[in-house]
Amino acid sequence: MFKTKEEVIDTIINEKNILIVQDLDGVCIPLVQDPLKREINKEYVKDVSRLKEKFAVLTCGEHEGRRGVNRLVEKALNSKTIAKESGFYLPGLAACGVEYQDRFSNLSYPGLKNSEINFLAEVPKMMRSMLTHELKEFLPNLSDELRNKLIDVAVCDTRFTPTLNFNEIFSFVKNDFQKVKDLQLIMQKIMNSLLENSKHFELDNSFYLHLMPNLGIRDGKEIIKYSTQNEFGTTDIQFIIKGAIKEAGLLLLLNKYIANKTGLYPFGENFNVRNAPKTHNKLIELCRDKIPSDQMPMLIGVGDTVTSVKDNKDNSWLRGGSDRGFLTLIQRLGKSYKKDNQVLFVNSCNDQVLRPRITGTDMRGISDPHDDLKFNMVINDGPKEYIKWFKQLASNF
């Protein structure tokens, strides 16, 4: 049984020491086929600022650059200066854990090397070249103009997480699910080629591929979710810094949150996602060793990308999604510290981006009867409903 919105708000406001850790796209920003057409709600931005240090984002998107969420904030406020002056930028970790900013957009890049930053700057050009070659062969009847338009949308030239986003290309062939699957294989082929390429620059252990959504991890690699009659499956593949996973990012946020309150960094001032432990058990162990119970805040995790699909071959469940890890860790830390941590799920499926959604008690595609991750509340109607709920919450601060 899920809690009501009012019950979750009561739980949160009855605790003085809280930290809300929230994903962005699909939670407070509606999903769209072309990421450059994303929009953020002006009132939501102002509500976030009311929470100050009690709120942090944890996203695989980015803060800065032409595709960054900072541009969406400025557009919503119709100003390039108000956010900086008033602290209206969204604080927290982007690029899955390697781009940190405060409310005034003061940026740092914990754990990154210059050689990695330089290689990442070249990745979008390589993506574009390879995708142009592949689409000429796969969709030979496309005009140059239309092909270039699809490629412009597909190649996301973000600074730390260059991404192939095939939503628009999938829509072009959406009635042919075999073609969607073939395109997924093309997307995977291009990104694997980029990983191989990085080895020529002595960056063998610097990057990995983050698939959204995915079906968990096998042999150290994320498992692609192939298209079905009901949904596209994996639509984006990010070329991302190795170690930049959201659960490690959660500890970096805790490190900064506690330092802000006490003046001391529990994990040390130089802690980052690269030097963080790699398993949930080790991350929890580090917290137990370094954070006393009276300093650990109640954590509220909010996400929309969680998957669970039955593998009939060996009668097991493939569980993944970029938010699953940090939401599960929040739940487990709650049990370990005897805190009433809250895990919230937002249905992000819409007419532009098809995803599994929770309907009543039907959680197919997202969870299963044996899933350890349990949600305290489900926001049924996506970002619009979440923003309304968040406003109600923020009015208490």
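Just above sits the structure.
Reading guide: rules and limits
Residues numbered from 1 in each chain as written. Predicted model: local features only at pLDDT ≥ 70, side-chain atom pairs only at ≥ 80, totals over all residues. Heavy atoms only, no water. Salt bridge = Lys/Arg side-chain N within 4 Å of Asp/Glu carboxyl O. Helix = DSSP H or I, 4+ residues; strand = E, 2+ residues; numbered from the N terminus. Buried < 20%, exposed > 50% of the residue type's maximum accessible area, 1.4 Å probe, protein only. Phe/Tyr/Trp six-rings, centres within 6.5 Å; stacked < 30°, edge-to-face > 60°. Lys NZ or Arg CZ within 6 Å of the ring centre and 35° of its normal. Core = buried A, V, L, I, M, F, W, Y, C linked by side-chain atoms within 4.5 Å. Contact = heavy atoms within 4.5 Å. Pairing = 2+ DSSP bridges. Axes fitted to C-alpha atoms, helices over the stretch in contact; angles between N-to-C directions. Disulfide = S-S within 2.5 Å. Arc of directions from axis to C-beta.

Asker: What's the story with the pattern of salt bridges in this structure? I'm lost.
Answerer: Note on pairing: side chains with opposite charge can pair once their charged atoms come close. Tallying each qualifying case throughout the model produces 22 salt bridges. Ionic pairing is found between Arg355 and Asp304, a salt bridge with its closest N-O pair at 2.7 Å. In this pair, Arg355 is assigned in the loop between strand E15 (342–346) and strand E16 (377–379) and Asp304 in the loop between strand E12 (298–303) and strand E13 (307–311), connecting sequence segments 51 residues apart. Exposure class is identical for Arg355 and Asp304. Each is buried.

Asker: What am I meant to see in the packing of aromatic side chains here?
Answerer: Centre distance and the angle of the planes are the two values used to describe a pair of aromatic rings. Within the structure shown, the criterion is met by 13 aromatic pairs. Centre to centre, the rings of Phe345 and Phe375 are 5.0 Å apart; their planes meet at 35°, and the pair counts as tilted. Of this pair, Phe345 sits in strand E15 while Phe375 sits in the loop between E15 and E16, placing them 30 residues apart in sequence. Phe375 carries the same exposure label as Phe345, and that label is buried. Members of the aromatic cluster, connected to one another through ring pairs, are Tyr44, Phe55, Tyr386, Trp389 and Phe390. Taking NZ or CZ as reference, Arg159 lies 5.1 Å from the ring centre of Tyr109, over its face. Over the ring of Tyr100 we find Lys256; its NZ or CZ atom is 4.4 Å from the centre of that ring.

Asker: Even after reading the chapter, I still don't get the nonpolar core, so can you show me in this structure?
Answerer: Generally speaking, nonpolar side chains in soluble globular proteins are found buried as a group. Ranked by size, the top nonpolar core spans 83 residues in total, and within it Leu131 and Leu333 carry the most contacts. In contact with Leu131, not counting residues within four places along its chain, are Ile151, Ala154, Val155, Leu164, Phe166, Ile169 and Ile190. With 37 residues, the next largest nonpolar core counts Ile20, Val57, Ala83 and Ile387 among its residues.

Asker: Honestly, the sheet that holds strand E8 (residues 207–212) in this entry has me stumped. Any pointers?
Answerer: Strand-to-strand pairing in sheets goes through backbone hydrogen bonds, with the strands running parallel or antiparallel. The strand order E6-E7-E11-E8 describes an open sheet built from 4 strands, whose pairing is antiparallel. Strands with a single pairing partner mark the edges of an open sheet, and in this sheet they are strand E6 (155–156) and E8. In the packing of helix H5 (residues 114–138) onto the sheet, the strands contacted are E6, strand E7 (163–165), E8 and strand E11 (236–241), and the crossing angle to E11 comes to about 155°. On top of the sheet, helix H8 (residues 177–198) reaches E7, E8 and E11; it is set at about 15° to E11, its chief contact.

Asker: When you look at the state of the cysteines in this model, what are you seeing that I'm missing?
Answerer: In a disulfide, the sulfur atoms of two cysteines are held together by a covalent bond. This model, assessed by the stated rule, comprises 1 disulfide. Residue pairing for Cys60: its cysteine sulfur links by disulfide to Cys96, the two sulfurs lying 1.9 Å apart. Every disulfide takes its handedness from the sign of the S-S torsion; for Cys60 and Cys96 that torsion is 85°, giving right-handed. Of this pair, Cys60 sits in the loop between strand E2 (55–58) and helix H3 (69–77) while Cys96 sits in the loop between strand E3 (92–94) and strand E4 (99–101), and the two are 36 residues apart along the sequence.

Asker: It is not clear to me how the sheet that holds strand E1 (residues 18–22) should be interpreted in this structure. Could you clarify?
Answerer: In space, the 8 strands of this open sheet follow the order E5-E4-E3-E2-E1-E12-E15-E16, with mixed pairing throughout. Two strands bound the open sheet, and with one partner strand each, they are strand E5 (107–108) and E16. In terms of strand pairing, E12 meets E15 through 4 bridges, oriented parallel. When the bridges of E15 are listed, Val302 appears paired with Leu344.

Asker: Sorry if this is basic, but what is going on with the environment of Asp152 here?
Answerer: Examined against the element boundaries, Asp152 turns out to sit in helix H6 (residues 144–154). Residue Asp152 is classed as partly exposed on the basis of its relative accessible area of 41%. Residues Asp152 and Ala95, spaced 57 residues apart in sequence, show a C-alpha to C-alpha distance of 21 Å. Non-local contacts of Asp152, meaning those with residues more than four positions away in its chain, are made with Arg67 and Arg128.

Asker: Just to check I follow, could you spell out unusual backbone geometry for this structure?
Answerer: Across the chain, the bulk of peptide bonds are trans and the bulk of non-glycine residues have phi less than zero. For the bond running from Met212 to Pro213, omega is -20°, close enough to zero to count as cis. One can find Pro213 in the loop between E8 and strand E9 (214–218). The phi torsion at Asp219 lies on the positive side, around 55°, for a residue other than glycine. For Asp219, a relative accessible area of 75% puts it in the exposed group.

Asker: Any chance you could explain the pairing of strand E14 (residues 316–320) here in plain terms?
Answerer: For a regular strand, the rule is simple: side chains alternate between the two faces of the sheet. Where E13 lies against E14, 5 bridges are found, and the strand directions are antiparallel. Bridge assignment links Val309 to a residue of E14, and that residue is Leu318. The antiparallel hairpin formed by E13 and E14 contains 4 residues in its connecting segment, where Asn315 sits at a positive phi of about 55°.

Asker: How should I be thinking about the environment of Leu135 in this particular structure?
Answerer: The topology assignment puts Leu135 in helix H5. For Leu135, a relative accessible area of 0% corresponds to the buried category. Leu135 sits 57 residues away from Asn78 along the chain, and the two C-alpha atoms are 38 Å apart.

Asker: I would appreciate a short explanation of helix H1 (residues 5–13) in the present structure.
Answerer: Every α-helix winds through 3.6 residues per turn, so residues three or four apart in the chain are directed the same way. Considered for burial, the residues of H1 that qualify are Val8, Ile9, Thr11 and Ile12. Down the axis of H1, the buried set is contained in an arc of 160°. They therefore lie on one face. Residues of H1 that are buried sit in contact with E1, E12, E15, E16 and helix H12 (382–394).

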